[in-house]
Amino acid sequence: MRIKVEHRTTYLYDEPPTSIVQILRLTPRNHEGLQVRNWRIVLDHDAHLAPGEDAFGNTIHTLTLNRALDDLTVSVEGEVETLDTGGVLTGAAERFPPGLYLRDTPLTHADDAIKTFAKGVAGKREVLDSLHALMGALHDGMAVDEDAPATDAARAFAAKTVGGRDLTHVFIAAARSLAIPARFVSGYMLREDQVQQKSGHAWAEAHVPGLGWVGFDAANALSPTEAHIRVAMGLDYLGAAPVRGSRNGGAAEHLQVSLTVGQARRQQQN
Amino acid sequence: MFIWTLGVALAFNEMLGPDGQVRAPYAGVAKWLESVNVEQLDRRRAEAELFYRRGGITFAVYGDAQGEERIIPFDIIPRVLAGSEWKLLAKGLEQRVKTLNLYLADIYSKQESLKAGIVPEELVWQNPAFRPEMTGVTVPKDIYVHIAGVDVVRIDANDFYVLEDNARTPSGVSYMLGGREICYRLMADLYGAHKVAPIEHYPDDLIATLSSVAPQSAGESPNVVILTPGQFNSAYYEHSFLADKMGIELVEGRDLFIRDDQVYMRTTEGAKRVDVIYRRIDDDFLDPLVFRPDSMLGVPGLFNAYAKGNVALANAIGTGAADDKAIYAHMPDLVKFFLGEEPILKNVPTWCCRKADDLAYVLEHLAELVVKEVHGSGGYGMLVGPQADKAQIAKFRELLKANPANYIAQPTLSLSSCPSFVEQGVAPRHVDLRPFVLTGGNGVKIVPGGLTRVALREGSLVVNSSQGGGTKDTWVIDL
Amino acid sequence: MLSRTADNLFWLSRYVERADYLARIIEATNRLAMLLAAGDGSSEWTSALVTAGCYDAFVAAHGAPTAETAMEYLALSEDNPSSIRRCLETARFNARAVRTALTVEMWETINGAWLELPKMDRSSFAGGRMSRFTDWVKDIALRIDGSGHRTMLRNDAYWFTRLGFYVERADNTARILDVKYHILLPEVSSVGGGLDYSQWAAILRSVNALTAYRWVYREGLRPWLIADLLILNQELPRSLASCYANIVTHLDSLSNAYGRQGKSQRFARTVQTALQNATIERVFQTGLHEFLTRFISDNARVGGAITEQYLA
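Reading the values: rules and limits
Residues numbered from 1 in each chain as written. Chains lettered and ligands numbered in written order. Predicted model: local features only at pLDDT ≥ 70, side-chain atom pairs only at ≥ 80, totals over all residues. Heavy atoms only, no water. Domains from an automatic or database assignment. Contact = heavy atoms within 4.5 Å. Buried area = accessible area lost by both parts, 1.4 Å probe. Helix = DSSP H or I, 4+ residues; strand = E, 2+ residues; numbered from the N terminus. Buried < 20%, exposed > 50% of the residue type's maximum accessible area, 1.4 Å probe, protein only. Salt bridge = Lys/Arg side-chain N within 4 Å of Asp/Glu carboxyl O. Polar contact = N/O pair within 3.5 Å; in protein donor to acceptor, adjacent residues only side chain to side chain. Nonpolar A, V, L, I, M, F, W, Y, C, P; charged D, E, K, R; others polar.

**Things to note about the domain arrangement of chain C**
In many reports, interface size means the accessible area that the parts give up when they come together. Residue and element names in this part refer to chain C. Per the domain assignment, the segments of chain C are domain 1 (1–152) and domain 2 (153–312). The centre of domain 1, based on its C-alpha atoms, is set 20 Å off from the matching centre of domain 2. In this complex, domain 1 contributes 33 residues to the contact, which on the side of domain 2 involves 32 residues. For the pairing of domain 1 and domain 2, the buried interface totals around 3000 Å² over both sides, and the portion due to carbon and sulfur atoms is 58%. When residues of domain 1 are sorted by the area they lose upon contact with domain 2, Phe-10, Glu-17 and Met-152 head the list and together hold 22% of the total.

**Notes on the environment of B:Asp244**
Residue and element names in this part refer to chain B. Note on placement: Asp-244 falls in helix α9 (residues 236–246). The class for Asp-244 is partly exposed, based on a relative accessible area of 45%. Sequence-wise, Asp-244 and Pro-203 are 41 residues apart; in three dimensions their C-alpha atoms are separated by 9.4 Å.

**A closer look at the pattern of salt bridges**
If you walk through the whole model with that rule in mind, you get 61 salt bridges over all chains. Residue A:Arg2 is joined to A:Glu79 by a salt bridge in which the shortest nitrogen-to-oxygen separation is 2.7 Å. Within this pair, whereas A:Arg2 is found in strand β1 (residues 2–13), its partner A:Glu79 is found in strand β6 (residues 71–82), the two being separated by 77 residues in sequence. Residue classification places A:Arg2 among the buried residues on the basis of a relative accessible area of 10%. For B:Arg453, the salt bridge identified is with B:Asp151, shortest N-O distance 3.2 Å. Residue B:Arg453 is located in strand β22 (residues 451–454), and its partner B:Asp151 is located in strand β4 (residues 147–154); the two are separated by 302 residues in the primary sequence. The two residues B:Arg453 and B:Asp151 agree in class, both being buried. Shared partners join several salt bridges into a network, and the residues in it are C:Glu17, C:Asp20, C:Arg24, C:Asp145, C:Arg162, C:Arg169 and C:Arg238.

**Observations concerning the interface of chain B and chain A**
Listed as interface residues are 25 residues of chain B and, on the opposing side, 23 residues of chain A. The junction of chain B with chain A conceals about 1800 Å² of combined surface from both sides, 58% of it contributed by carbon and sulfur atoms. Taken as a group, B:Trp125, B:Pro132 and B:Leu289 account for 35% of the area that chain B buries against chain A, more than any other trio of residues on that side. Remark: the boundary between chain B and chain A carries zero salt bridges. Where chain B packs against chain A, one counts nine residue pairs in polar contact (both at pLDDT 80 or more). Secondary-structure elements contributing two or more residues to the side of chain B that touches chain A are α5 (121–125) and β8 (256–259) of chain B. With three residues, β8(B) is the single largest residue contributor to the side of chain B that touches chain A. Tallied by class, residues from the side of chain B that touches chain A come to 13 nonpolar, five polar and seven charged.

As structure tokens, this is what we get:
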């Protein structure tokens, strides 16, 4: 399936900051389920945009600006070709063995409640079954509300109403508490009914012996399909965040996001 | 940090020796002690304290009321090591620190020590101090630990044990140098009667070490700075002291900024490029774009500049992966693996509670052992079995069962004592030693001696400054 | 040097200077209030609090001022951000942040003062002991100023310290004149009773210029001469003209060393020229209060320009 993404973020500053640094993880890399046809990042001001790669193999761009601006717009435009791989990830850049993805992070720390929940759901099941059961139980037991404030796995689990980001954190925490390596994926998702979207999409990947890395999208209770565009991966949101930024000086910042994810026209596919 | 159980009377006495005869290195000190009375000693002690107070040579204690500054008690009676003892110790330290550097270079690149099974993989991958971000980053001259503080204790005339390898941001060197300054001023009679190996050149060695890892592009005279969390940090005095002695700027995160992956500092004359940062900030706080996003102490974009080789950090990021108490147990094997040598310094036998057999042994013998958190420091979060009551032991039993991988256990050793001036007069007190080992492009440098820490309270087990320990000057003399 | 270091040095001096000035205000007011034994002296303390810029905050916390409450508030209060205690604490905070830029003598003076500070409480100036306290404060300022003068290298660190002293001093002198300007106006002086005389003397005392006045004018206290001395006299170290001569000199030293000039040099020279060209008659004609108000805002603008150019 050919999917077109246009993702524009505008930062409005009450008082211009004297400098801005951002690390962008906004560029997907090829794997068997995804081929990048074209993809670019466009800025509305002259700035230094240095491409690179982080330790996890994600493509990153470092944006630096050292002069005062009232506003800044970062746009991503691109097209990818996707394939349904049954949720199994193959041919992706892997820099670490699965064991690394058992690391505890503040955002994915499993408290007793999550541990008990995970153990109860998994029972005596095999790894793959456990993961599907976890995904199902989280999908049924938690309400997704994209306006819920960002928090961490333990608090999100207690709150029961969470954003997709923290639902993913809960899934990762639960999987790791069962000694299953798990990680955070950020990207986009094509929704038939919703071309205009509010934000990108997040899901998890867990490592299954024999299969490798398998995706679990708890918000939708399914493994990633050809509708999922995998962009970046990390131990938690912070490692896969589309944007991590910092500014010096200035006052409050306001954000305007416009995102469209749609199927590219058929003739363009030929 | 250290522990004893036999009591000071049975510990190895560095002055008197097991036969009660004055050991050769202490001949001068023993004679001098006979010639002074308590009032004279007390006057000098008071003068030493005044010297610290007036100079603001203080440290802040975490958890105390904000702004409170304390001085570390200074014991005016020096500790003496013979040149021959030091020579062996120094060789062992060099071997140890070389191994730390080789190990770090290995886990952040080829991971051969893991493949060879010397260190279990999970001790790396799941070690919070291991920084995956550092994998594949080339550091100048493959040196990770430029400044190490290796804590050493002795238990008899010949045996030195390493207690802890501090490879992150070890502190205390300002107290080592300050103690020498006091001896020079207040103890001239005794000091003058010995040929004490000098340590005053430590700042010169340090700046040479730091400059030696500057990026090529820095040219002849690299701009080296010290990065401090600020004046509320417990070691702030040391940061400013070292900046002063090296003649370099003491910067805070807000003084630095990044342009085109290059670090600059804000000066009254505009931006000035920074080549080497001796950072006294923990990894977590260095760059909010890569590590803790809420850090206000670091510099956004610093990691990228570092990974591109445009600035050197000392110590490197992620060195904590080599100095925690779980890796400690593997250090003798790592020495053999990387250097093909027998370890010169001994390791305290260590039970890793993440191993089921070890855990079982530890749970059986809690009352005899010292249990420590793998990542704890400063003498907090530990159980001293022989001194603990039943409730404490029961509590640790639960903690161990709940999270065994978080703990190691060691036997209690009887660490050596030195004559010290305490409220009761002159009495033996337990000591340890933290020598500072510098590693740069020009090799390893260690000034003779180090910081001797002393448990001044009778019956006290812990020599940490944050828990009532004091310091002594350490003299290495040729007999 | 680091901008933050320069900033700390600049403010270190400003706070030391302010502590010294507060000590002088307290001393002068105390003396005046005692002279006015008939009244309760509360109007004098009101005026002292206004001069120190903390009258509103004081009234909100303590109501109408008495000698005791006002003195404590100005000298020792933790709640008053510009009490002598807080000034010395802040000065030491700044000093500690940049202790490598200070000489040992300067550091030991400011640190020594800070160590003494906890011992100071109400009893330190109860009864007749007020002057002992104010002498202690003045002595600290003198020693910091003096040790800096005697021991610092004449480089940018020294110049920023000096700039802090003079910018603060100019502000202080202008403020005390502005609070008291009404008793310096010609219609009041024509009345000129013994009370006015004491008030005039108090102004001079608070800027340490009573003796200087006699040397310069060799006549009895005349309000316009007092204004002349404190505003235009180049020889009096606390006059506005003298402060600006120094500010310009030190800013020039900086621009020479750095090979670059900027806003702060231009602003300071403008202020200095205006002071050089003024006469005291013209000042009174255009209005003393208006003149001082403008000076205070010009001086703040120079401080702002120094910050923008070097310290931020």
